[in-house]
Amino acid sequence: MSSWYVAVGQRKEGPLDEASVMEGLAAGRWPKTALAWKEGLPEWAPVSEIAAFKGALAMAGPSMPQIPRAGGRSHEIDFKICGEEMQFVEIELDPGETVIAEAGAMMYQDATIEMDTKMGDGSEADQGLLGKALSAGKRLVTGESLFMTHFTATAQGKSHVAFASPYPGKIIPLDLAGLGGEILCQKDSFLCAAKGTEVGIAFSKRFGAGLFGGEGFILQRLRGDGFGFVHAGGTIVERDLEPGQTLKLDTGCIVAMQPSVDHDIQMVKGVKSLFFGGEGLFLATLTGPGRVWLQSLPFSRLAGRIASAAGPGASKGEGNVLGGFGLGSLIGEE
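Here the structure is a predicted model, which is why all the values come from computation and not from measurement.

(A) Quick peek at unusual backbone geometry. Residue Gly 288 is joined to Pro 289 through a cis peptide bond whose omega torsion reads 20°. By the element assignment, Pro 289 lies in the loop between strand E22 (282–287) and strand E23 (290–295).

Here it is in structure tokens:
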């Protein structure tokens, strides 16, 4: 049986067997506008017109409109994600290709990689000094550094550079071209992306979401047609929400979402739940259509537990039956 090739924009994937293509289409990995070809076909054709894939497309989530990115096409990069709980992503660059990253995210690089710290993400070639300053200034609003590091391959062959997560969790590869060209994510989750990806900001549309949502009014916006990478704590859950379908969750568990997802905050109902539920006063509500990525261990929760355990007298009573309320704590002994 001939192998299939799938193309989105200028990026091609393959060879793939028919089952892999159907699985990818059903999961929304490729949009309905993707092209496919295999040996024996006269030319590339949209997957929506190929009889073998129509069933998979019917199972796919809502199709997102393609949002063109200003400034040209992103660099095409290859990658592999290594590790389980403390992951890192290794990027393979062809000559002249560049990947951008947050300062301090780099783990290792080949000697043939040229590292340069620049103002802005470089998504537009002719921004000028004022344009670069404005673009970089948006990052200050999200609490990020004014500068980003650009890693460019200078060798004749392939070069490699790797970026690591700052705390236990997972790295999520986001194919922006197949996700509608735009993703909103929590402001400290961005790790790295192909050059040409615009790293900007977005404001919460709802006052309540911004005031009580745990992430503030400001989210990061990734726009482009290449790969971007975000990191999150614990285990990652990916959900496709149908139109009108609502998901309630802890406000800190949101990692990323498509801009079509409506994000709001609701107060917990019931006096007992409010005071004794342990989940806080508010829950986030996400309403489809669109895809969302959730994390099981928000960094704020992890930091809170560490701070609590490291507080005054935290080590007292360890190992006894009463835990932190050992006999010494009851009678005031040091």
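Here the narrative resumes.
(B) Region of the structure containing the pattern of salt bridges. Taken as a whole and assessed by the stated rule, the structure comprises 7 salt bridges. A salt bridge links Glu 92 to Lys 158; the nearest nitrogen and oxygen atoms lie 3.8 Å apart. Linking Glu 92 in strand E6 (residues 88–93) with Lys 158 in the loop between strand E10 (147–153) and strand E11 (159–164), this pair joins segments that are 66 residues apart in sequence. Since its relative accessible area comes to 46%, Lys 158 is described here as partly exposed. The partner of Asp 94 in a salt bridge is Lys 158, with the nearest N and O atoms 2.6 Å apart. On the criterion of sequence distance, the pair formed by Asp 94 in the loop between E6 and strand E7 (98–101) and Lys 158 in the loop between E10 and E11 is long-range, its members being 64 residues apart.

(C) Spotlight on helix H1 (residues 18–26). Those residues of H1 lying buried are Val 21, Gly 24 and Leu 25. Buried residues of H1, seen end-on, are gathered within an arc of 100° and therefore sit on one face of the element. Turned more than 90 degrees off the buried face of H1, the exposed positions are Ala 19 and Glu 23.

(D) Structural view of the packing of aromatic side chains. If you walk through the whole model with that rule in mind, you get 8 aromatic pairs. Cluster of aromatic residues (ring-pair linked, three or more members): Tyr 5, Trp 37 and Trp 44.

(E) Spotlight on the sheet that holds strand E8 (residues 106–109). Read across the sheet, 4 strands follow the order E5-E6-E11-E8 without closing on themselves; strand pairing throughout is antiparallel. Here the strands that pair on one side only, and so sit at the sheet edges, are strand E5 (78–82) and E8. Taking the axes of each pair of neighbouring strands and ignoring which way they run, one obtains an average angle of 20° across the sheet. Bridge count between E5 and E6: 5 bridges; the pairing is antiparallel. By the bridge assignment, Asp 78 is partnered in E6 with Glu 92.

Rules behind the numbers
Within every chain, residues take consecutive numbers counted from 1 along the sequence as written. For this predicted model, a pLDDT threshold of at least 70 governs which residues receive local features, and a threshold of 80 or more governs which side-chain atom pairs are given and counted, while totals over whole chains, interfaces and linings are taken from all residues. Side-chain measures here rest on the full set of heavy atoms in the structure, leaving out hydrogens and waters. Runs of E in the DSSP output that reach at least two residues are strands. Runs of H or I that reach at least four are helices, and both are numbered from the N terminus. A pairing counts as a salt bridge when a side-chain nitrogen of Lys or Arg comes within 4 Å of a carboxyl oxygen of Asp or Glu. Exposed residues in this analysis have more than 50% of their type's maximum accessible area, buried residues have under 20%, and partly exposed residues fall in between, with area computed by a 1.4 Å probe over protein chains only. Along the arc lie the directions from the helix axis toward the C-beta atoms. Two aromatic rings from Phe, Tyr or Trp, using only the six-membered ring of Trp, form a pair when their centres are within 6.5 Å; if the ring planes differ by under 30 degrees the pair is stacked, by over 60 it is edge-to-face, and anything between is tilted. Each pair of strands is called paired provided DSSP finds at least two bridges between the two strands. Every angle, taken between N-to-C directions, lies between 0 and 180 degrees, and every axis is a line fitted to C-alpha atoms, over only the stretch in contact when it is a helix.

Just geometry here; none of it tells us what the structure is for.
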